Amino acid sequence: MPPTKGGSRAMLRALRAALAGAGDGQQRLDTVVRLVASNMVAEVCSIYLKRDEATLELCATQGLSPDAVHTARLRIGQGLVGRIAERAEPIATDDAQNTPGFRYLPETKEERYQSFVGVPVQRLGEMMGVLVVQNETARIYEDDDIEALEVVAMIIAEMTESGAFFGSEGLAAGPGRRQGPLRVGGKAASEGIAEGVVHLHEPRLVVFDPIAEDTATERERLDAALQALRGDVDRMVEETGGGRGTEQRDIFEAYRMVAYDKGWTRRLYEAIESGLSAEVAIEKVQSDVRARMERIADPYLRERLHDLDDLAHRLLRRVANGHGEDGSIPEDAILVARSLGPGELMEHAGRIKGVVLEEGSLNSHAAIVARALTLPMVVQADRVTRDANPGDRMVVDGNGGRVHLRPDPAVLEHFQGQIEQAAQALEVFRSLVDRPATTRDGTTIALKMNAGVLADLPSLQHSGAQGVGLYRTELQFMIRQKMPRRESQAGLYKRVMDAAGDAEVIFRTLDIGSDKVLPYMRREREANPALGWRAIRVGLDRPHLLAMQIQALIRAAEGRPLSLMFPMISTADEFYRARDLVHREIERRVGFGDARPRRLQIGMMFEVPALISESDRMFAEADFISVGGNDLLQFFFAADRENEKVRPRYDVLTPSFLRFLEQIIARCAEQDTRLSFCGEAAGRPLEAIALAALGFRDLSMRAAAIGPVKQALIEADLSQVREMIAAHQEAGHRDIRAAIAEMLGARLVREPGLSISLGQTP
């Protein structure tokens, strides 16, 4: 029979007394397995702890062969125990030997035990081991059994963290932190380079008494902490009602909904009722959330869980310290965390130089806020929270997606030199803001910026951009809990146009699907989402969605010029259908009293290679075409730019792709259709020069790249570059990148936070 609530607390009190007594680590572990086996009415209770990152070791047992202790080992993922550690979720069965994944360890002599239940031993997302109970007869383990074991596993994790089980010869010490200089790969979520000292967002909180003496007192502590936490979040929402933009307010509204989530609150109180202290109850629920994160592919749901994880950490600090602050933050701090919510990041704004996350995504709420704050950020930096110590020197390369932890003097000196040179270069770029990007041979290139949130618009003036070549409208949809109403959309688009003044803003209609999922739309299960139901295909299949966005844009324009483009057009018919919808909505809105746009420009993104074979009519009737370099490259080479194994194939400066771009340029020139190039390549000086030499006269890029690209173009002779490209194409050479770099002297072009070599491979 599983223990009752009172029985669980009695077992925990017995564990507390045993763990507080004399004896070394092994004796404490032996006591734990005896007490659990007795309480669970089980023949076997065993504890496996991690010996290293790949191995579990049997460290204590009641019922299995004593000779197997510190001898029997399993790899992570091997056997039922290894699967529990790999998946961070319980396994229960009444027929262990016939359960998929079962592995027999002869040294344990466990063949007679038919029933099996195991739960992960984990703390704050770090897997530490597995707790197992076995019975000879077939037994169906109920939810109460599993919950009781999870409570004990949490105690084991806390005591392991505090060192209560160490000190006995042969006892597994668990995986340690990597020492010395480390280079950690990740993904660049916000541009720039920062150098400073590590400030851990989640300093290790050691709980020496994880068992509640008085559950009523623990509930009161949790009540007070929850009330204070929600007050903090309410203030955040109120503060974003000012000039920080509706996107950030939407983010914090979603964050507040999570803070008031009844299910989360209920689980916290249930954990206290099971006999845990408030701190350990929060950590137990937090560990459950993090385990769920690992199993969820949906980016929206993962973002909600990241917000919940962030709130749990804030709540833990409230309970432990009585306040919401981490304490003093060192000067030149780099914030390092496993995950981070927008609230935590906003609270640290102005006191940190960069951010490094072990988890996170490029479109997470924290990444959106970091870009708005111009804070360098790297996400998905593996094991960084375990390897970093407070005060360690760290370099965050938010352009290359790398982190240098405890860099050796040569590496540190290199990046410090880049940062100093970037500051000097920034002054040079500022002097070029009002100067046109006119090359040495007299060709002027229009440089525009990409944007996605209202906070990006100040860069329009500071960077010298001549307009917004791409405004990504989907972010407003992605950060909300429900579909933004037409009035809300119109309000945002109006503020964007107001901020841009007379400069053109090209609004791309919703580019959703693939990894950009709206929480209020049913997600389609697709084998290859990047090639599936996304972008304009969604808009045409759900015309009310596209029509509502067009209506909002018409209203926002208030009679001003309006420029629209459709993403991922793959046939001329898609363009015509989308364009016709725009014209219908304009006539409808004018009939309702809205002003007709003074000048309407309707274009498309050229991202699908098949468009090159479409009719002259399509090229003639499109007001403009923007080559979407990122997706076009992927589709052209069938190479995912996020996959390092095929990334070398993803290169603009290859003869075949350059010839393809020449075909696009020729088709547009024949019909006198305005043409631009938009994507990462446009923001790299060497590629920008090559694109301009081919014939592109309009480039759109991230705002920080405009200065370096402009400087490079001013010093380039496009006619010479064009002749060299043609010669290499004719000869069949593939080293066009190296040849252009050599022609331009392989000089360094600097941008804020980054030094780009003209010969650098993307």
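To start, this report covers the structure provided alongside it. Just so you know, these numbers come straight off a predicted model, no measurement behind them.

This part is about the packing of aromatic side chains. For any pair of aromatic rings, the description consists of the separation of the ring centres together with the inter-plane angle of the planes. With the rule as written, the count across this model stands at ten aromatic pairs. On the basis of an interplanar angle of 65° and a centroid distance of 5.6 Å, the ring pair of Tyr493 and Phe507 is categorised as edge-to-face. You can see Tyr493 sitting in helix α16 (residues 486–500) and its partner Phe507 sitting in strand β18 (residues 504–508), a full 14 residues away along the chain. Judged on exposure class, the residue Tyr493 and its partner Phe507 are both buried. Taking 6.2 Å as the distance between ring centres and 70° as the angle between the ring planes, the aromatic pair formed by Phe606 and Phe660 counts as edge-to-face. With Phe606 in strand β20 (residues 600–606) and Phe660 in helix α22 (residues 655–670), this residue pair connects regions lying 54 residues apart in the sequence. Neither Phe606 nor Phe660 differs from the other in exposure class; each is buried. Aromatic ring contacts, followed pair by pair, group Phe606, Phe636, Phe637, Phe657 and Phe660 into a single cluster. The ring of Tyr576 has Arg617 lying over it, and the distance from NZ or CZ to the ring centre is 3.9 Å.

Before going further, it helps to spend a moment on empty space enclosed by the protein. For the structure on display, the rule yields six cavities of 30 Å³ or more. Around the largest cavity, the lining comprises 13 residues; the ones closest to its centre are Leu74, Val81, Arg103, Glu110 and Phe116. For the lining of the largest cavity, the secondary-structure elements that each account for two or more residues are β1 (44–52), α3 (79–87) and β6 (126–135). Here the lining of the largest cavity is composed, by residue class, of eight nonpolar, three polar and two charged. Put simply, the parts of the chain that give the lining of the second largest cavity at least two residues each are β21 (624–628), β22 (674–678) and β23 (698–701). The leading source of residues in the lining of the second largest cavity is β22, at three residues. Its residues placed into classes, the lining of the second largest cavity shows four nonpolar, three polar and three charged.

Procedures and definitions
Residues numbered from 1 in each chain as written. Predicted model: local features only at pLDDT ≥ 70, side-chain atom pairs only at ≥ 80, totals over all residues. Heavy atoms only, no water. Phe/Tyr/Trp six-rings, centres within 6.5 Å; stacked < 30°, edge-to-face > 60°. Helix = DSSP H or I, 4+ residues; strand = E, 2+ residues; numbered from the N terminus. Buried < 20%, exposed > 50% of the residue type's maximum accessible area, 1.4 Å probe, protein only. Lys NZ or Arg CZ within 6 Å of the ring centre and 35° of its normal. 1 Å grid on protein atoms, 1.4 Å probe; cavity = no way out; pocket = protein on both sides within 12 Å on 5 of 7 lines; lining within 4 Å. Points joined across faces, edges and corners; volume = space filled by probe spheres on them. Nonpolar A, V, L, I, M, F, W, Y, C, P; charged D, E, K, R; others polar.

Geometry only, nothing functional implied.
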